[in-house]
Structure formats: C-alpha cells, structure tokens
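These are the residues of each chain, in order.
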Amino acid sequence: MEYQMLNFQCVSANLVLSFVIFLLRNRTTDSFTFGGRSIANIEKNRYLSQHVNTPYSKTLQYSKGSIQKESSPEKLDSDKPVVVVVVGAGVGGLACASRIAYSCKMLQSNTKVIVIEKNSKEMIGGRCGSFYRNVEGLGKFRHERGPSLLLLKDVYLDVFSDCDKRASDFGLEFKQCSPAYQVVFEDGDTIQLGFPRDLKGDITLQETEQRSREKMNSYEKNGAAKWDEYMRSTEAFLNCGLPNFIEEKLDLASFPSFLIEAMKDGMKSWPLKPHSDVLDSLFDSTKMKTLASFQDLYVGLEPYANIGEIGGGVIKKTAPAVFGLLAAIELHPTNKKSGVFAPIGGFQAVSRAFEGLAVECGVDIMYNKSVTSISKDGVRYQNEDGITDFIAADLVLCNADLPFATETLMDSCRSKPETLQQPRYDWDDNYDFSSGVIAFHWSINKRCDSLETHNVFLIAADRAKAESSWSTIRHNDPSVSSFEDDGYPFNFYVHRASKTDDSAAPDQCDSIMILVPCCTLKRDKYLSKLQREDSISGYKKQFKKEYVSKIRTRVLNRLGVLDDLQDLKDHIVDEVIETPAQYADYYNLAAGTPFALSHGFGQLSITRPGHQSKVLDNVLYVGASTKPGNGVPLVLIGAKQVANRAMEKLKNRMPEFKS
C-alpha cells in the first residue's frame with residue numbers, strides 16, 4: 001500500500017509539472033485578455049491607442065502576436081452584423097455577453113449580442129438569484145435559489161471594471177460575515193470560525209474568536225496552533241492554485257511557497273493525497289478534522305480516503321488535499337482573497353446588477369424562450385405560445401449545463417428532425433456528478449438568534465460516524481445512504497440571511513434555508529425519449545413525499561440541539577421544498593444537481609470538459625460543468641476565459657477597425 005501511494009505521488013507530481021508546461025506554452029498563444037496589467041501589454045496598448053480612440057485600451061488588450069494576420073474565415077460585410085447568441089442568462093452567460101458586447105462596441109464593430117433565457121425576468125441569473133414569499137400579516141420573506149455565500153468578491157467586481165463600470169453603479173454592495181461560519185456538532189457543541197484580523201475595536205468578536213481558539217485546544221492539545229499551521233498550508237495552496245490552476249495565469253512567484261508546504265516533513269501535506277491523509281497527519285481529534293474539511297462538499301467530493309480506489313479515491317469521489325484552499329478562501333484571517341460576504345439584497349441583487357451591466361453594454365435579453373437546438377447555423381427556440389423560431393448566429397455561447405446541452409441541444413444528438421422543435425430533458429450520464437440537494441425554505445415568525453448567517457451541522461462523534469456521514473457523496477445510492485434509518489448520520493447547511501441583511505425578513509422574523517445533500521436523479525432512458533414536461537414529471541417521482549418528509553423531521557430534530565430551535569416546527573409559517581427534480585425543471589441541470597460535475601482528478605483542471613464544443617466549432621461552453629469548475633466565482637473566471645476565446649474567434653470576422 002505504501003508503494004502504491006508513493007507511486008501515485010510521483011505520478012501526481014508529474015501531473016503538476018505537466019500542467020506548468022501547459023501554462024507556459026499557452027502564454028505564447030494568441031488571445032484577447034480582459035483587464036490585463038502586465039508590462040508585456042504596453043506595446044499592445046500602444047497599438048490599440050493608435051487605432052481606437054476610446055477608453056478601450058484600459059480594459060481589453062491583445063496578447064503578444066495577436067495583431068498579426070492569420071489564415072481564417074472571411075471577414076463579413078461591414079453592413080451585416082456579426083451575431084453572437086448566448087444560450088442561458090445565468091451569471092456566466094451574462095458576464096460573457098457583457099464583456100463581448102463592450103469589447104465589440106469599443107472596437108466599433110457591427111456586432112449584435114443576444115441572450116436567450118428559458119425562464120422569466122424574475123429568474124434572471126439562474127441558480128444565482130432569490131425569490132420572495134408573502135405571508136399575510138407578516139410581510140415578505142426572501143430566500144435564495146442557489147448560492148448564499150459570496151467568495152472571492154474581486155472576481156465579481158472584475159466583470160464590471162472590465163466593462164469600464166463599477167458594481168456600485170448597479171446597486172451591488174457586499175457585507176462581510178464575521179464570523180464566517182458556525183459549526184454545530186450533533187452533541188450540541190458549537191464553535192465559530194472565520195475571523196478577519198482587522199477586528200479593531202470590536203471587542204465582542206475578539207472575545208468570540210478567543211473562545212473558539214480555547215475550544216480548539218479543548219478538542220486536542222495545541223488545537224489552535226495546529227489550526228494556524230493548517231491555515232498557513234492552505235494559504236500557500238490558494239496563492240498558487242487560484243492563478244495557476246483555476247485562472248490559468250502562470251504565476252511563478254507563488255510556486256516556492258507552494259512546494260515548501262507540499263514537500264516539508266516528508267510530504268506530509270502533499271496536495272494530491274486524499275484530504276483525510278493530510279488531516280490525519282496534522283490533527284488528532286475527529287472534530288478538528290471535520291472543521292478543516294467540510295468545504296469539500298461544495299465541490300462534490302468527500303474528504304475521506306477510499307482504500308479500495310486508486311490513489312485513495314481522488315480520481316473520482318475523494319477530495320485531494322489541495323482543496324484545503326477552499327478553507328483558506330473562507331476562513332484565512334489575513335489573506336486578501338479570503339472572507340465570506342453577503343450581497344445586500346440577496347443574490348438576486350447580484351444577478352440584477354449583471355443584467356443591468358449587460359443591457360448597458362448593448363446586450364439584448366429575450367425571456368421565456370426555450371432553446372431546443374443549436375447548430376452550426378444558429379439557435380432554434382420555442383416561444384411561450386409553442387411557436388418555434390430560429391436565430392442565425394456566427395457564434396454561440398452555451399450557458400446551459402454542459403452534460404444537458406451535449407445530450408439534448410446539439411443537432412447531432414437528435415435522431416429525428418422533428419425533435420429539434422420540442423424542448424427535451426436528458427443528460428450525458430458518463431460523467432461523475434456532485435451530490436443532489438433537498439432544500440427547505442422556511443419563513444419563520446420568530447428570530448433564530450442561535451444561528452449565524454452561515455451554519456453547518458456536522459457529525460463528529462467518532463471517525464466511523466463522521467466518515468459514514470459522507471456516504472451520499474461516495475455511493476450516490478439511496479439504499480446505502482438511507483434517511484429512512486433514524487441512525488443514519490448526515491451533514492447539512494443552514495443559511496439565516498437576516499443575520500447579516502435585515503431586508504431578508506420582516507421585523508422579529510427570519511428566513512431560513514436548509515440544504516441537505518442527497519442522491520442525484522437517476523437517468524431513465526424511457527423518460528429521455530419523452531417531451532420535456534412528461535420527462536420532468538417522471539423524474540419528480542424519484543423523490544417521494546414520504547422520503548422528503550422523513551428528512552424534514554430529522555433536520556428539525558437536529559436543529560433542536562440549539563435551545564431556541566427546539567420548537568421551530570411550530571413557527572414555520574410558509575415552506576417551499578425543492579428536490580433535484582425541481583432543479584432539473586427550473587434550470588435543466590444534469591442529474592438535477594445544483595453543484596454540477598464533481599471535481600475528482602478525472603474532471604479537474606485540464607481533465608474537466610473544456611470550453612470548445614467537440615462537434616461544432618462555432619459553439620463555446622460556459623458554466624459550472626466546464627472549466628474551471630462550479631461555484632459562482634469559478635463560473636465568472638471561466639466566463640472571462642470564454643469571452644477571451646470568443647473575441648479570438650470573432651476578430652477575423654469583424655469589419656476593419658474605424659479610426
């Protein structure tokens with residue numbers, strides 16, 4: 001076993017080296033880049049300033065060699081617009097559309113950018129949005145459709161600055177959550193995590209942080225000092241991993257610290273080992289290991305090594321230790337990239353701001369139009385009245401979930417021409433998916449003061465139970481991870497929006513969202529042949545009411561370890577429940593999982609599905625199931641990469657620059 005692990009570490013080291021070489025090679029390729037600031041761009045800026053008399057040169061730049069002419073498609077007639085169609089008004093689609101429209105505007109090219117969205121204007125942004133529930137006698141309660149915590153806020157701000165705007169121009173503002181999290185164990189023990197170092201004058205938070213450190217020391221000897229060591233290690237992974245492996249911008253200066261942390265003490269913290277192997281070498285108590293690894297859920301992985309799998313399972317379902325960078329993003333006290341934030345007004349405010357930016361840049365957004373097929377010539381869609389229309393397009397950016405799009409929207413995947421006119425729901429099930437989620441949105445007629453903004457309820461009584469609580473991720477099989485068994489351990493997340501933002505609920509009330517990991521939808525070949533409405537109806541039967549009710553009861557029991565939540569069920573005045581089938585219905589998500597494809601090595605970085613369609617040269621993918629990965633910040637990073645690539649494809653089809 002030791003020989004196998006050593007061999008795997010050698011292989012993984014070669015993978016890292018190969019990726020660095022890949023990055024070096026790609027530095028010399030032609031591409032448009034947004035917001036670049038390197039010295040190498042000075043000559044490019046000079047070129048643009050000579051040819052375009054606009055602020056464009058500040059925000060859109062050429063890479064070395066890109067002004068040279070290449071053999072490429074003929075340029076279009078200057079009187080005929082180049083048409084770019086974006087399928088889906090998720091944040092990735094909106095960010096791409098804004099950047100491309102702004103860039104073409106600055107180039108004074110005759111280009112039209114159109115976004116086609118299947119849902120109404122109220123659902124702009126896809127999963128990144130909010131909805132309201134009116135309760136008679138109380139008022140409005142706001143709930144999040146998907147993401148509820150905001151990370152890497154500069155990535156959001158870059159979308160606006162790349163278009164020469166400010167987020168505040170569109171009403172977008174953030175507030176940091178301090179502490180970032182509260183962890184609640186099954187025995188009722190609680191601990192707060194994530195305190196920024198600039199707590200000047202905030203005596204209450206300073207005292208809370210001190211109590212948390214004392215509690216870590218009660219879990220094991222020198223627990224707080226070990227936590228600090230873990231934060232140092234994960235910070236090195238963050239500082240190297242974010243630019244090099246996520247943004248794909250080679251940052252050689254970050255590698256020494258990364259390699260020192262990875263190689264020290266006999267490769268104790270080697271980032272490509274199973275996460276649990278690294279945690280076992282650093283911490284003694286199950287609680288400390290649990291605190292350091294719950295973020296693995298966000299990338300659809302478990303922290304525990306699977307002895308029966310190659311490399312301990314990191315190829316598929318086990319998180320490699322490098323995903324400790326997620327803990328650094330959320331919890332590191334001093335790193336400038338770190339911190340958990342809340343958008344004031346909910347994530348709907350984020351999507352509304354992106355929508356406003358797109359419109360300001362000249363993007364046309366069409367709502368209530370269901371795209372039924374994508375071809376080399378353009379996009380076919382169905383209107384609300386059932387009538388089918390077609391838009392000819394020179395370039396299509398597909399923001400629909402990639403496994404859904406490749407199986408359902410591409411002309412090549414339709415066996416009969418008549419099916420091009422009808423919406424369908426199916427997906428390519430050859431991928432590994434993150435877990436599904438059952439979401440409970442509760443409007444509460446009292447305050448839940450024992451909850452922070454973000455709370456995770458975790459199992460840590462012993463190693464066996466802690467590991468078993470992740471069985472939904474490992475097996476994705478309801479017969480193994482059965483909520484019918486009262487003894488089955490599980491973890492879940494609770495969001496209390498009004499802790500940070502009073503506008504989320506009426507006075508003396510609370511809006512609560514609970515996310516419970518569950519199995520995904522199981523693809524049914526029979527359902528895949530039906531029209532969309534019938535297919536979705538069939539998938540909804542995979543989550544029976546009795547099953548969901550059992551989970552609801554168990555969640556309420558677990559919440560009861562906090563004194564003021566023991567009677568919570570008596571204070572729920574409104575309830576909305578969503579299963580993977582609802583997520584499939586709303587957003588055409590493959591397997592109904594809001595977390596998209598998982599991030600094992602088989603679907604990570606260079607092995608994750610790329611932006612370029614394999615069957616149509618004029619189609620690019622953007623979204624959580626393509627590079628670099630899931631979560632709003634990564635989708636926005638990917639959107640920037642796709643916009644660069646789209647501009648490369650368009651530049652030889654554009655009319656000559658106007659002086």
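Above this text sits the structure in question.
Small disclaimer: the values here were computed from a predicted structure and weren't measured. (Residues numbered from 1 in each chain as written. Predicted model: local features only at pLDDT ≥ 70, side-chain atom pairs only at ≥ 80, totals over all residues. Heavy atoms only, no water.)

Okay, the side chain of histidine 143 next. Here histidine 143 shows up in strand 6 (residues 139-144). Histidine 143 sits in the buried class, given a relative accessible area of 2%. At a separation of 3.1 Å, a polar atom in the side chain of histidine 143 contacts the side chain of serine 443. (Helix = DSSP H or I, 4+ residues; strand = E, 2+ residues; numbered from the N terminus. Buried < 20%, exposed > 50% of the residue type's maximum accessible area, 1.4 Å probe, protein only. Polar contact = N/O pair within 3.5 Å; in protein donor to acceptor, adjacent residues only side chain to side chain.)

Here we come to the sheet that holds strand 9 (residues 190-193). One open sheet accounts for 7 strands, arranged 9-8-17-18-19-16-20; its pairing is mixed. Of all the strands in the sheet, the pair left with one neighbour each is strand 9 and strand 20 (572-578). Adjacent strand axes in the sheet meet at a mean angle of 20 degrees when their direction is disregarded. Its contacts with the sheet put helix 18 (residues 545-559) on strand 16 (436-444), strand 17 (454-458), strand 18 (492-496), strand 19 (510-518) and strand 20, and the angle it makes with strand 16 is roughly 60 degrees. (Pairing = 2+ DSSP bridges. Axes fitted to C-alpha atoms, helices over the stretch in contact; angles between N-to-C directions. Contact = heavy atoms within 4.5 Å.)

Taken as a whole and assessed by the stated rule, the structure comprises 21 aromatic pairs. Relative to tyrosine 425, the ring of phenylalanine 404 lies with its centre 6.2 Å away and its plane at 25 degrees, an arrangement referred to as stacked. Highlighted residues: phenylalanine 404 in helix 13 (residues 402-408) and tyrosine 425 in the loop between helix 13 and strand 16, separated in sequence by 21 residues. The same class applies to phenylalanine 404 as to tyrosine 425, namely buried. When the ring of tyrosine 586 is compared with that of tyrosine 587, the centres are 5.6 Å apart and the planes differ by 75 degrees; the resulting orientation is edge-to-face. Accessibility expressed as a relative area gives 25% for tyrosine 586, which makes it partly exposed. A cation over an aromatic ring shows up here: lysine 140 above the ring of tyrosine 132, its NZ or CZ 5.2 Å from the ring centre. (Phe/Tyr/Trp six-rings, centres within 6.5 Å; stacked < 30°, edge-to-face > 60°. Lys NZ or Arg CZ within 6 Å of the ring centre and 35° of its normal.)

The interhelical angle for the contact between helix 5 (residues 153-161) and helix 12 (residues 347-360), taken along N-to-C directions, is 20 degrees, at an axis separation of 10 Å. With respect to helix 12, the axis of helix 5 lies roughly parallel. The handedness of the crossing between helix 5 and helix 12 is left-handed. Here helix 5 contributes Tyr156, Val159 and Phe160 to the contact with helix 12, which in turn contributes Phe347, Val350, Ala353, Phe354 and Leu357. Residues belonging to the contact of helix 5 with helix 12 are distributed by class as follows: 8 nonpolar, no polar and no charged. (Parallel < 35°, antiparallel > 145°, perpendicular 65-115°, else oblique. Left-handed = near helix turned anticlockwise from the far one by under 90°. Nonpolar A, V, L, I, M, F, W, Y, C, P; charged D, E, K, R; others polar.)

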